[in-house]
Amino acid sequence: MTQMLSRRGFIKLSSTAAAVASLSSIPGTLGAMEESQKHYKGNAKFTPSICEMCTSSCTIEARVEDGKGVFIRGNPADKGRGGKVCARGGSGFNQLYDPQRLVHPIMRVGERGEGKWKVVSWDEAYTFIAKKLDEIKQKHGAHTVAFTARSGWNKTWFHNLAQAYGSPNIFGHEATCPLAYDLAMDDIFENGVSRDFAKAKYIINPSHNVFEGIVISYARQYMEALEHGAKVISLDPRLSTMAAKASEWHPIKPGHDLPFVLAFIHTLINENLYNKKFVEKYCEGFDELKASVAEYTPEKMALECDIPADTIKRMAREFAKAAPKAIFDFCHRVTLTPQELELRRAIMMCNVLVGAVEQEGGYYLNKGAGFYNKFLGETDAKAPVLKKPKIPAYPKVEFPRIDRIGEKDSEFFLAKKGNGIVTLIPKATLEDLPGVPYRLHGWFIARNNPVMTQSNTETVIKAIKAMDLVVVMDIQVSDTAWYADIVLPDTTYLERDEEFNAGGGKNPTYDVGRQKVVEPIGESRPGWRVAKELAEKMGLSAYFPYKDIEDYRLQQVGDNIDLLARLKATGMASFGVPLLLQDKKSVAAFVAKYPSAASKVNEEGTIDFPHKIKLFSPELETVSKKGALSYEPYKYKEADELYFINGKSAVRTNGHNGNNLWLNNLCDDASVWIHPKTAARLGISNGDKIEVSNKYATQKGKALVTKGVREDTVFAYFGFGHISKELKRAYGKGVNSNSLYSPHVSANCGMNLHVVGVKVKKA
């Protein structure tokens, strides 16, 4: 994870990248600019900021080196990440110099997907978009335009624009990534939850590959736990890097994690391994949970998940013995089953049952300012809460969202409107959805790439082609931009300032967002400016009551100028001391810091949970009859097919960085993993060209024959098989996993399903 590049090597590579920039002539790109127009002006002193090479949002600092490039390293003030960046983070400066990077707005002049463009001015772009949005509004209604923005900073601006325009259909990327576990937390804890990996003594990890889908703080914590003797159990159909480092690897059958967890809970309850005192005092719904798992014995579920009953029971006993320093990791992203929400809820209930919550080495509730301040006394200082500028009320919308969030009987009622169920957009364009009296006619997409990230690529493209307007804002002609009417050039994260952010781990935290290291190149503009200027063109300027991002930041902190100064100087800040409600030492330290908080401490020297923890969901029971846990067998594949699964590469984690020069040099193609016995049966040798197909698509790749995957399974890395011909390094290389997946949308959480059946043959 450490950035190993020497300064001399860095300058050499920077110069090479800048020289290569002159070789491209795609309209609107850096490669098409005159040399005299290229400027790389920036700060020669390290500026704290946030990486954007994936969604982990790691802290960094960067500076311009000799006017030839930007050197990026981890922020040394960030103890959790140890001042480190991964290969992706160190390669971020390549975005600046990439000749294929967009630096001017471009407009489609041919058919969608034909790749014919012309350069237009920003005023021409804004005028075109405003006119088309008004036409759709007059013809179909503003509610028929969906707005999608990548989680984090762009949501603020473009969701505001959407609602000012009159559309309730605002979305993030969550339904293609972490939404199920977010919803499970909200249902069970009514709060976000984190994991104290470093202090744990026993961790069960179902396919959470922190060493390739890198979150630096998680990877460091896992390593610390292993160094201190923790036992880590990996449940994964393939031998991932995580599985290779684990104490035990159990190649579970793809899509069958839920039967394992139900049998695990059955053992905890029926062998009286659970923490009765904790459950009785802090939980509700235990009787319903016990009844719901009664039929899921380890012996019965072993046949489903392909892990022996004795092994399941042994793990449950070890887990309970290690509690409260025990974690059943609820993972990230990987969709393992059509019952995704039930799976995540079941996993979290394992930790609750053994009382491994709000103690070292277990789960802990995220404590933002609002949460933390509840436990402070009247006279204690309070954690600052960031403010938002006052804006007029949004126009009232008479129509439901396509996911019907906000309606009483919406199956997706747990999801926040700003996240939404983005996976429904293709369906809502091509067919009538129950309870939704309209179809979508437009899609505004900011830094999101649904053609690459949503399952069943063919359906996504078909929906985009059916729309009256598609706008994409990105740094490159992504796979989605390839089909857009107009593409707006975003700044890279090294060229823009963003708003401040507030969050919370064991105590409230704040970060600077992103800070500009280099002046924007060409005509690229940040999201806050584009949304504000487009709103002005549409007569909606009242919804953007700030002059620029600095003015917005000042309104966020109010009169707390000290916080503003600290964030700009160091990139981060925190308030108070860490607090674990069920840890006596932690509570004592909290009271020592805030004496009037003593009134919140109970007779046991701990602090009670603010809400009962739910082991049964009355709300889900009312809406979907899913209040309890259950297992519904699902047919993933035909008898003559293999399971197909995917995962993350350490250097090609997300859909947007596969065309990065350095990362592409490190990994420009990815083979399909296949077991030696399966390969022999199919006449396939290592390195052979193969064809992977099912009823949805056919993909071509190379075979990697390895014992590191189950005999009935093949595996491929996500982020390959790009469709946009403007991504010249990545185009057409490797297997596009999402093209093979079904358009299935999981109940209650809206997530796609990343297990499907395929046939494999030698090409």
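Reading the values: rules and limits
Residues numbered from 1 in each chain as written. Predicted model: local features only at pLDDT ≥ 70, side-chain atom pairs only at ≥ 80, totals over all residues. Heavy atoms only, no water. UniProt positions renumbered as here; feature names shortened; annotations may be inferred. Buried < 20%, exposed > 50% of the residue type's maximum accessible area, 1.4 Å probe, protein only. Helix = DSSP H or I, 4+ residues; strand = E, 2+ residues; numbered from the N terminus. Arc of directions from axis to C-beta. Contact = heavy atoms within 4.5 Å. Axes fitted to C-alpha atoms, helices over the stretch in contact; angles between N-to-C directions. Parallel < 35°, antiparallel > 145°, perpendicular 65-115°, else oblique. Left-handed = near helix turned anticlockwise from the far one by under 90°. Nonpolar A, V, L, I, M, F, W, Y, C, P; charged D, E, K, R; others polar. Salt bridge = Lys/Arg side-chain N within 4 Å of Asp/Glu carboxyl O. Domains from an automatic or database assignment. 1 Å grid on protein atoms, 1.4 Å probe; cavity = no way out; pocket = protein on both sides within 12 Å on 5 of 7 lines; lining within 4 Å. Points joined across faces, edges and corners; volume = space filled by probe spheres on them. Pairing = 2+ DSSP bridges.

The chain appears in an unreviewed UniProt entry as Polysulfide reductase chain A from Sulfurospirillum diekertiae. Recorded under Sequence similarities (unreviewed entry), the UniProt text for the chain is reproduced unchanged: "Belongs to the prokaryotic molybdopterin-containing oxidoreductase family."

Caption draft 1: Structural context of helix H18 (residues 457-466). Along H18, the residues classified as buried are Thr457, Val460, Ile461, Ala463 and Ile464. All buried residues of H18 fall inside an arc of 160 degrees around its axis, so they share one side. Exposed positions of H18 whose direction lies more than 90 degrees from the buried face are Glu458 and Lys462. Considering only its buried residues, H18 is in contact with helix H16 (425-430), strand E15 (442-446), helix H17 (450-453), strand E16 (469-474) and helix H26 (737-740).

Caption draft 2: Looking closely at the packing of helix H5 (residues 153-165) against helix H19 (residues 527-537). Between H5 and H19, the least distance of the axes is 8 Å, while the angle of their chain directions is 10 degrees. On the basis of their axis angle, the class for H5 and H19 is roughly parallel. Where H5 crosses over H19, the handedness of that crossing is left-handed. On H19, the residues that touch Asn154, Trp157, Phe158 and Leu161 of H5 are Gly527, Trp528, Val530, Ala531, Leu534 and Ala535. Of the residues belonging to the contact of H5 with H19, the class tally is 8 nonpolar, 2 polar and no charged.

Caption draft 3: The pattern of salt bridges, seen in detail. Counted according to the given criterion, the structure contains 60 salt bridges. We note a salt bridge from Lys231 to Glu318, for which the minimum N-O separation is 3.3 Å. A residue pair is termed long-range when its members are at least 10 positions apart, and Lys231 in strand E10 (residues 231-235) and Glu318 in helix H13 (residues 309-322) qualify at 87 residues. Residue class for Lys231 comes out partly exposed when judged on its relative accessible area of 23%.

Caption draft 4: Quick peek at the domain arrangement of the chain. Along its sequence, the chain is organised into domain 1 (106-178 + 394-490 + 525-545), domain 2 (195-365) and domain 3 (642-762). A C-alpha centroid distance of 38 Å is found between domain 1 and domain 2.

Caption draft 5: View of the layout of surface pockets. Roughly 290 Å³ of internal volume is contained in the second largest pocket. Every residue lining the second largest pocket is counted, 17 residues in all, and those nearest its centre are Gln163, Pro168, Arg401, Ile405 and Lys417. Here the residues of the lining of the second largest pocket are counted per class, giving 8 nonpolar, 5 polar and 4 charged.

Caption draft 6: Region of interest: the sheet that holds strand E18 (residues 501-504). Taken in spatial order, the 3 strands make up an open sheet running E18-E19-E20, and their pairing is antiparallel. The sheet terminates laterally at E18 and strand E20 (572-574), the two strands that pair on one side only. Each strand axis lies, on average, 25 degrees off the axis of its neighbour in the sheet, ignoring direction. Most of the contacts of helix H21 (residues 561-570) go to E20, to which it runs at about 130 degrees, and overall it touches strand E19 (508-511) and E20.

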